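As a plain string of letters, each chain reads:
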Amino acid sequence: MRYAELLELAPELRDFTAQIPETLDDQFQLRNHPAHTLIHQKDSPLERIGILLQGTFRVVNEFENGNVFMIEMNEAISFIGEVTLLAGAAATSVTIEAVSDCLVAYLPAETFDRWLRQDIRLLRAISRHVAAKLYCSSYNRGERLFHSAKYVLLKYLVRQAEEQSIRTAGYVVLNKTRRQISEEVGLTEKTINRTLTQFVRDGILSIQRGKAAFHAEQYHRAQRELRVYMSQSRNGSNR
């Protein structure tokens, strides 16, 4: 498949570059990754670079003890393997899983690298794309180290409630399992269960069929709890 055909499927690609050098074109391979399937595994050799044309995938880091930490969620247009390529590494550092059906166009890594070397607009656009993700990561890095599990979890739950439009609905049941929450906030399920029990006891939230739920007053109380916490020092004493 040629790059011009990819532009027809995903016009947003023009934000990265309008065309590919003719000598490198006609090498794209299109593949659909069904939802909840593996796109690539951590520590795999970097053999190809993918361009996400449609869908959403998540980037996770897996550890030897079986724990999984979700780094980010990416929607089209995004890239697969570009960080490894720019770092000059031979193997991937993360696992990527399809959240929804993902349509991905692949190029051999060497071909993509030659394209970057010939197209400064593409190089700048991808560098900016990577930098934006790293900026977000570094901006929030350390939150789980320097804040309590109570604060980290409550902040996450409030943000999820906002995304599910609690302001207009007045009541929401969060659509995340304990395992998903564990992966996304970097806390163990045991810690999450214990902290949720404390929140329920304190009247900050409810549990509906095993999932956290807020009604409007609980949501506003949770917001107040976050403000109180942030007015205190790390160990809980007043500043």
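This text follows the structure it describes.
For clarity, every value in this text was computed on a predicted model and none was experimentally measured.

K.L.:
When you look at the sheet that holds strand β3 (residues 48–54) in this model, what are you seeing that I'm missing?
P.N.:
Through backbone hydrogen bonds, the strands of a sheet pair up, either in parallel or in antiparallel fashion. A sheet is described by the order of its strands in space; here four strands give the open sequence β1-β8-β3-β6, paired in antiparallel fashion. The strands lining the two open edges of the sheet, one partner per strand, are β1 (29–33) and β6 (78–80). Adjacent strand axes in the sheet meet at a mean angle of 30 degrees, parallel and antiparallel pairs treated alike. Of the strand pairs in this sheet, β3 and strand β8 (residues 102–108) are connected by six bridges, and their pairing is antiparallel. Looking at β8, one finds that Gly50 is bridged to Tyr106. Each of β3, β6 and β8 is contacted by helix α3 (residues 109–118), which is oriented at about 80 degrees to β8, the strand it contacts most.

K.L.:
Looking at this structure, I do not really get the packing of helix α8 (residues 178–185) against helix α9 (residues 189–201). What am I missing?
P.N.:
Two quantities define a packed helix pair, namely the angle between the axes and the distance from one axis to the other. Between α8 and α9, the least distance of the axes is 9 Å, while the angle of their chain directions is 110 degrees. As the angle between them shows, α8 and α9 are arranged roughly perpendicular. Residues Arg178, Arg179, Ile181, Ser182 and Val185 of α8 form the contact with α9, whose own contacting residues are Glu189, Ile192, Asn193 and Leu196. When its residues are assigned to classes, the contact of α8 with α9 shows four nonpolar, two polar and three charged.

K.L.:
Sorry, what's going on with the nonpolar core here?
P.N.:
For soluble globular proteins, nonpolar side chains are generally found buried alongside one another. In this structure, Phe28, Ile51, Phe112 and Trp115 are the most contacted members of the largest nonpolar core, which totals 27 residues. Those residues in contact with Trp115 that sit more than four places away from it in its chain are Tyr3, Thr17, Gln19, Ile20, Pro21, Leu24, Phe28, Ile51, Leu107 and Leu122.

K.L.:
Is there a simple way to explain a nonpolar patch on the surface in this structure?
P.N.:
On the surface, a cluster of nonpolar side chains totalling about 210 Å² of accessible area is made up of Met1, Leu9 and Leu30. Taking relative accessible area as the criterion, Leu30 reaches 37% and is therefore assigned partly exposed.

K.L.:
Help me understand the packing of helix α6 (residues 149–163) against helix α10 (residues 216–230), please; the structure alone is not making it clear to me.
P.N.:
α10 packs onto α6 with a crossing angle of 140 degrees between their chain directions and a minimal axis gap of 10 Å. The orientation of α6 relative to α10 falls into the category oblique. In this structure, α6 crosses over α10, and the sense of that crossing is left-handed. Counting all contacts with α6, which are made through Lys150, Tyr151, Leu154, Lys155, Val158, Ala161 and Glu162, the residues of α10 involved are Tyr219, Ala222, Gln223, Glu225, Leu226, Tyr229 and Met230.

K.L.:
What should I look at first to understand the pairing of β3 in this one?
P.N.:
Successive side chains on a regular strand alternate, one facing one side of the sheet and the next facing the other. Counting buried positions along β3 yields five of seven residues, so the element is predominantly enclosed. Pairing geometry for β3 and β6, over three bridges, is antiparallel. In the strand pairing of β6, Ile51 is matched with Phe79.

K.L.:
Hey, could you run me through the sheet that holds strand β9 (residues 171–173) in this one?
P.N.:
With respect to topology, three strands assemble into an open sheet ordered β9-β11-β10, the strand pairing being antiparallel. Looking at the sheet topology across the chains shown, the edges are occupied by β9 and β10 (206–208). Each strand axis lies, on average, 30 degrees off the axis of its neighbour in the sheet, ignoring direction. Taken together, the three bridges between β10 and strand β11 (residues 211–215) define a ladder with antiparallel strand orientation. Considered in β11, the bridge of Ser206 is made with Ala213.

K.L.:
Hey, could you run me through the side chain of Thr56 in this one?
P.N.:
Tracing the sequence through the fold places Thr56 in strand β4 (residues 56–62). The class of Thr56 is buried, set by a relative accessible area of 16%.

About the thresholds
- Residues numbered from 1 in each chain as written.
- Predicted model: local features only at pLDDT ≥ 70, side-chain atom pairs only at ≥ 80, totals over all residues.
- Heavy atoms only, no water.
- Pairing = 2+ DSSP bridges.
- Helix = DSSP H or I, 4+ residues; strand = E, 2+ residues; numbered from the N terminus.
- Axes fitted to C-alpha atoms, helices over the stretch in contact; angles between N-to-C directions.
- Contact = heavy atoms within 4.5 Å.
- Parallel < 35°, antiparallel > 145°, perpendicular 65-115°, else oblique.
- Nonpolar A, V, L, I, M, F, W, Y, C, P; charged D, E, K, R; others polar.
- Core = buried A, V, L, I, M, F, W, Y, C linked by side-chain atoms within 4.5 Å.
- Buried < 20%, exposed > 50% of the residue type's maximum accessible area, 1.4 Å probe, protein only.
- Patch = residues over 30% accessible without salt bridge, like charges linked within 9 Å, V, L, I, M, F, W, Y side chains within 5 Å.
- Areas by Shrake-Rupley, 256 points an atom, 1.4 Å probe, with all protein chains shown as cover.
- Salt bridge = Lys/Arg side-chain N within 4 Å of Asp/Glu carboxyl O.
- Left-handed = near helix turned anticlockwise from the far one by under 90°.

Shape descriptors only; they carry no functional weight alone.
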